[in-house]
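Take a look at the letters that make up each chain.
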Amino acid sequence: MDYQGMIIRPPSEAGSVLLQVTLGCSHGRCAFCGAYLGKRFGIKSRETVLEDILYAARHFRDQRRIFLCDGDAMILPQERLTDILSLIREHLPWVTRVGAYANAKSLKRKSDAQLAELRELGLGIVYMGLESGDDAILREMGKNGDAAFIVAQGRRARAAGFKLNVTVINGLGGVERSMEHARATARALTRMDPDQVGALSLMLVPGTPLFERCERGEFEIPDARGILRELREMLAGTELTRGLFLANHASNYLPLKVRLPSGKQAALDDIDRALAGMTPLKAESARRL
Ligand code: SF4
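Residues numbered from 1 in each chain as written. Predicted model: local features only at pLDDT ≥ 70, side-chain atom pairs only at ≥ 80, totals over all residues. Heavy atoms only, no water.

Taking an unreviewed UniProt entry as the reference, the chain is identified by name as Radical SAM protein belonging to Pseudodesulfovibrio karagichevae. Note on the chain: under the UniProt heading Cofactor (unreviewed entry), the record states "[4Fe-4S] cluster". (UniProt positions renumbered as here; feature names shortened; annotations may be inferred.)

### Some points on the overall build of the chain
Helix and strand content of the chain: ten helices and ten strands. Relative to the globule expectation of 19 Å for 289 residues, the C-alpha radius of gyration of the chain, 19 Å, shows essentially globular dimensions. Evaluated residue by residue, the chain yields a buried proportion of 52% over its 289 residues. Long-range contacts, defined as pairs at least 24 residues apart, comprise 79% of the intrachain contacts of the chain with a sequence gap of at least 6. The distance from the centre of the 41 positive side-chain charges to the centre of the 35 negative ones in the chain is 3 Å. (Helix = DSSP H or I, 4+ residues; strand = E, 2+ residues; numbered from the N terminus. Rg over C-alpha atoms; globule rule 2.2 N^0.38 Å. Buried < 20%, exposed > 50% of the residue type's maximum accessible area, 1.4 Å probe, protein only. Contact = heavy atoms within 4.5 Å. Lys, Arg positive; Asp, Glu negative; His and termini not counted. Charge placed at Lys NZ, Arg CZ, Asp CG, Glu CD.)

### Overview of the UniProt feature "domain: Radical SAM core" (unreviewed entry) in the chain
Listed under "domain: Radical SAM core" (unreviewed entry) in the UniProt record, and renumbered for this structure, are residues 9-239. Secondary structure across residues 9-239 comprises 42% helix and 18% strand; the distance between its end C-alpha atoms is 27 Å.

### Focus: the pairing of strand E10 (residues 257-260)
Because side chains alternate across E10, one face comprises the buried residues Val 258 and Leu 260, and the other comprises Lys 257 and Arg 259, none of which is buried. Taken together, the four bridges between strand E9 (residues 243-246) and E10 define a ladder with antiparallel strand orientation. When the bridges of E10 are listed, Leu 246 appears paired with Lys 257. (Pairing = 2+ DSSP bridges.)

### Digging into the pairing of strand E8 (residues 196-201)
For E8, the buried fraction is high: five of the six residues fall into the buried class. Bridge count between strand E7 (residues 163-170) and E8: six bridges; the pairing is parallel. In the sheet register, Ile 169 faces E8, and the bridge partner there is Leu 200. What joins E7 to E8 is helix H7 (residues 178-192), and the crossover it makes is right-handed. As paired elements, E8 and E9 share three bridges and run parallel to each other. Note that in E9 the partner of Val 197 across the bridge is Phe 245. (Right-handed = clockwise from strand over helix to strand, strands pointing away.)

### Describing the packing of helix H1 (residues 46-59) against helix H2 (residues 78-91)
At a minimum axis distance of 10 Å, the contact between H1 and H2 shows a crossing angle of 25 degrees. With respect to H2, the element H1 is oriented roughly parallel. Between H1 and H2 lies a crossing whose hand is right-handed. Counting all contacts with H1, which are made through Arg 46, Val 49, Leu 50, Ile 53, Leu 54 and Ala 57, the residues of H2 involved are Arg 80, Asp 83, Ile 84, Leu 87, Ile 88 and His 91. Split into classes, the residues belonging to the contact of H1 with H2 amount to eight nonpolar, one polar and three charged. (Axes fitted to C-alpha atoms, helices over the stretch in contact; angles between N-to-C directions. Parallel < 35°, antiparallel > 145°, perpendicular 65-115°, else oblique. Left-handed = near helix turned anticlockwise from the far one by under 90°. Nonpolar A, V, L, I, M, F, W, Y, C, P; charged D, E, K, R; others polar.)

### Thoughts on the pattern of salt bridges
Evaluated as defined, the whole model comprises 16 salt bridges. Of the charged contacts, one joins Glu 140 and Arg 213 as a salt bridge, the two residues approaching to 3.5 Å between their closest N and O atoms. Placement of the pair is Glu 140 in helix H5 (residues 135-140) and Arg 213 in helix H8 (residues 209-215), with a sequence separation of 73 residues. Its relative accessible area of 17% is what places Arg 213 among the buried residues. (Salt bridge = Lys/Arg side-chain N within 4 Å of Asp/Glu carboxyl O.)

### Points about a positive patch on the surface
A cluster of basic residues, Arg 65, Lys 163, Lys 257 and Arg 259, forms a positive patch at the surface. Among the secondary structure elements, Arg 65 is positioned in strand E4 (residues 65-69). Residue Arg 65 is classed as partly exposed on the basis of its relative accessible area, which comes to 37%. (Patch = residues over 30% accessible without salt bridge, like charges linked within 9 Å, V, L, I, M, F, W, Y side chains within 5 Å. Areas by Shrake-Rupley, 256 points an atom, 1.4 Å probe, with all protein chains shown as cover.)

### Observations regarding the packing of aromatic side chains
Following the criterion strictly, the structure yields four aromatic pairs and no others. Aromatic side chains Tyr 55 and Phe 60 sit 5.9 Å apart centroid to centroid with 65 degrees between the ring planes, which places their arrangement in the edge-to-face category. Among the aromatic residues, those joined into a cluster by ring pairs are Phe 67, Tyr 101 and Tyr 127. (Phe/Tyr/Trp six-rings, centres within 6.5 Å; stacked < 30°, edge-to-face > 60°.)

### A few points about the packing of helix H9 (residues 224-237) against helix H10 (residues 264-275)
A pair of packed helices is captured by two measures, namely the crossing angle of their axes and the spacing between those axes. At a minimum axis separation of 10 Å, H9 and H10 run at an interaxial angle of 165 degrees. Viewed along their axes, H9 and H10 adopt a mutual orientation that is roughly antiparallel. Considering only the axes of H9 and H10, their crossing is left-handed. Across the interface between the two elements, Arg 225, Leu 228, Arg 229, Leu 231, Arg 232, Leu 235, Ala 236 and Gly 237 of H9 pack against Lys 264, Ala 267, Leu 268, Ile 271, Asp 272, Ala 274 and Leu 275 of H10.

This is the structure we're talking about:
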């Protein structure tokens, strides 16, 4: 397989064939993000992608899922994306689901009919970064669009039939806007009503603008208990009709996997026990991105 640079995928795509169709991220300006530092955005050639699909057809016959890397395959022109999905269907007919990252701006560029076409061709799940529901934080972090815009695009993705996974980041409001961040994010998640929420805890990456701000004393991340209080507030305010609220990423201090709405109270009780010191939190040295 032709892999260029670091390859990133969501935790739930651990067993998937990773097919790199773009390089880096088409936005690349989020202050906290070190995912594709120094990697210039580009689109891989049809020949390279086809060679990888043919390689997968020979060697990965047991894998039923494919994830399209890098940062935002949804940015590809519709003809390229439909071509890739058609090639997957032709050469890997046993694949049951294709997944991709999709940012709100890329979704906005597709019409409802185009999204439906992608769904029909096998794109089954999209992973979106909301990060925060607070517009001031989104602006400060260089995110593409405000919360209402991101929510609207997430709702369109769901309406097109995609499974929707939404990432949020605890700590992104710093100490100063911790509770505003938690409450506004809970409201945005409730409006979006995704199938899965992935809650990460902020970790600073050297080389990012947010890292520099922290070094200069302009931004302060809440400590472990502060992050946990924020997570509690966010979970308490999030109403999903059905779905998973996952805070089991390696960056989190207390791993949680909550089925909403039924599991909410038990999870809030777990957090309260941790806040009371009855459950140990993950050591700082054990956290990972
Ligand atoms: S957070 Fe997502 S959209 Fe922002 S720079 Fe990183 S990969 Fe790109």
